[in-house]
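# Working through the structure, step by step
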Amino acid sequence: LPLVDTAVAVRRRVEGDPGPRGDAYLERGVWAYNMGRYEEALSWFDTAVALHRQESGGASHALGGALSWLAVTHADNGDIAAAETLMRESVAVHRSVTDGPTEDLAVALKSLEDVLRDVGRVEEAVSVVYEAVAMFLEVFGDDHLETAHALNQLASSLEDAGRAEEAIPLVEEGLAIRRAAFDGPHVEIAASLGNLANMLGAVGRRDEALVPRRAAVAMLQELFPPDHPYVAGSTTSLGTVLLRADSLESAEPVLLDGLRWSRLAFPEGHPVIANALAALGTLYRRTGRLEASAASHEEAYALRLGAFGADHWNVAASALELGRTYDEMGRDEDAEAHLREAYRVLGESFGPEDERTGQARDALRAHLERRGLLEQAAALGGD
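Quick look at the structure, then. (Residues numbered from 1 in each chain as written. Predicted model: local features only at pLDDT ≥ 70, side-chain atom pairs only at ≥ 80, totals over all residues. Heavy atoms only, no water.)

### Here's the deal with the overall build of the protein
Each helix and strand counted, the protein has 19 helices and 0 strands in total. Against the compact-globule benchmark of 21 Å for 383 residues, the protein has a radius of gyration of 22 Å, which places it among compact chains. When burial is assessed residue by residue, the protein has 50% of its 383 residues classed as buried. Pairs at least 24 apart in sequence give 58% of the contacts found in the protein among residues at least 6 apart. About 16,800 Å² of surface is accessible on the protein, with carbon and sulfur atoms providing 50% of the total. Charge-centre separation for the protein: the mean point of 35 positive side chains lies 3 Å from the mean point of 63 negative side chains. (Helix = DSSP H or I, 4+ residues; strand = E, 2+ residues; numbered from the N terminus. Rg over C-alpha atoms; globule rule 2.2 N^0.38 Å. Buried < 20%, exposed > 50% of the residue type's maximum accessible area, 1.4 Å probe, protein only. Contact = heavy atoms within 4.5 Å. Areas by Shrake-Rupley, 256 points an atom, 1.4 Å probe, with all protein chains shown as cover. Lys, Arg positive; Asp, Glu negative; His and termini not counted. Charge placed at Lys NZ, Arg CZ, Asp CG, Glu CD.)

In structure tokens, the structure reads:
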């Protein structure tokens, strides 16, 4: 930090070309971002973008890179709409500067893919990141860290598209590249371990998933303080894996830590906080604490609805769990409304044959059958 601050101070005193000053502001923003200080990072990135626009008139890889950092930070700060607009501009700027594969364009495509997953456009995300992976392989080869990062993100998009089995070897390939590159604990190794845990859990290998998830959490806790976004997120993910493995007693304190640290790491109203709330809500329902379950799911639903809008699959996931809780509480009208919402949105997002759509359909059918609405239940079809 002292070195970056010195660079910023020196650049402020130098008249002329604004480009180097933009570079210094960008690096200062990157430092704030890596420390989890997203609001602070936004201010530095805004200025860096303005300086690079002044320098290039809207066409330079430096401008594209600054736009990308600004977009990623908006996404992590919960403003997904702004992130998508900025990230698409970043990709367009890079394409306008150079015709053909470049590192800058590949990085921008990789970041665009991340934003597209956030807004629920899963198939477009897969297409974009396939292009990024091909570009990294062409520019760097198959053992470069940027290639590992792209493989990790491709795996995440495939999981979101219901293709987690395809994703596992990609995550393992990226993890091998990162372990070869770094001697000792590193945030990128932890990211691959966490992603591997996600894929194993998604294909039902839940006990196996605990091993890389615990390793990722331990590594991040060694590298960062508890209120860092990485620690908060990985702790919540560990609790979620324990929940899915039916280790309810072990999951609860981990999820409570994840929620507490998420509230410290992210601003009020941030959708990431909903991850811990949703998992806790499911745990409370499964342990008979229905009022606590409803409160957790209601807050998670509101956070996701405010961030993503009514037709996002993440909102539908919350609606499904909230509907299940209302069903057990006997709040029939509320239960039916949320279960129908979940079934509609998940079906529109992933298709009628997807497992997630099937879970919503089964929950809605069971609810209708319990109420004696047998014709409506039969009309849903399925098994």
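### With respect to the pattern of salt bridges
Within this structure, the stated rule accounts for 34 salt bridges. Salt-bridge contacts for Glu-298 lead to Arg-331; the nearest nitrogen and oxygen are separated by 4.0 Å. Of this pair, Glu-298 sits in helix α15 (residues 290-308) while Arg-331 is found in the loop between α16 (313-329) and α17 (332-350), placing the two residues 33 residues apart along the sequence. Residue class for Glu-298 comes out partly exposed when judged on its relative accessible area of 32%. (Salt bridge = Lys/Arg side-chain N within 4 Å of Asp/Glu carboxyl O.)

### Concerning the side chain of His-74
Within the secondary structure layout, His-74 lies in helix α4 (residues 61-76). According to the relative accessible area criterion, His-74 is buried, its value standing at 17%. Once residues within four sequence positions are removed from consideration, His-74 is found in contact with Leu-42, Asp-79, Ala-82, Ala-83 and Leu-86.

### Considerations on the environment of Leu-210
Among the secondary structure elements, Leu-210 is positioned in helix α11 (residues 206-223). The buried category is assigned to Leu-210, whose relative accessible area is 13%. Sequence separation between Leu-210 and Asn-198 is 12 residues; the distance between their C-alpha atoms is 9.6 Å. In contact with Leu-210, not counting residues within four places along its chain, are Leu-238, Val-241 and Leu-242.

### Re the environment of Leu-42
Examined against the element boundaries, Leu-42 turns out to sit in helix α3 (residues 38-56). Considering only alpha carbons, one finds Leu-42 and Pro-20, 22 residues apart in sequence, at a separation of 19 Å. Excluding residues that lie within four positions of it along the chain, Leu-42 makes contacts with Leu-70, Thr-73, His-74 and Asn-77.

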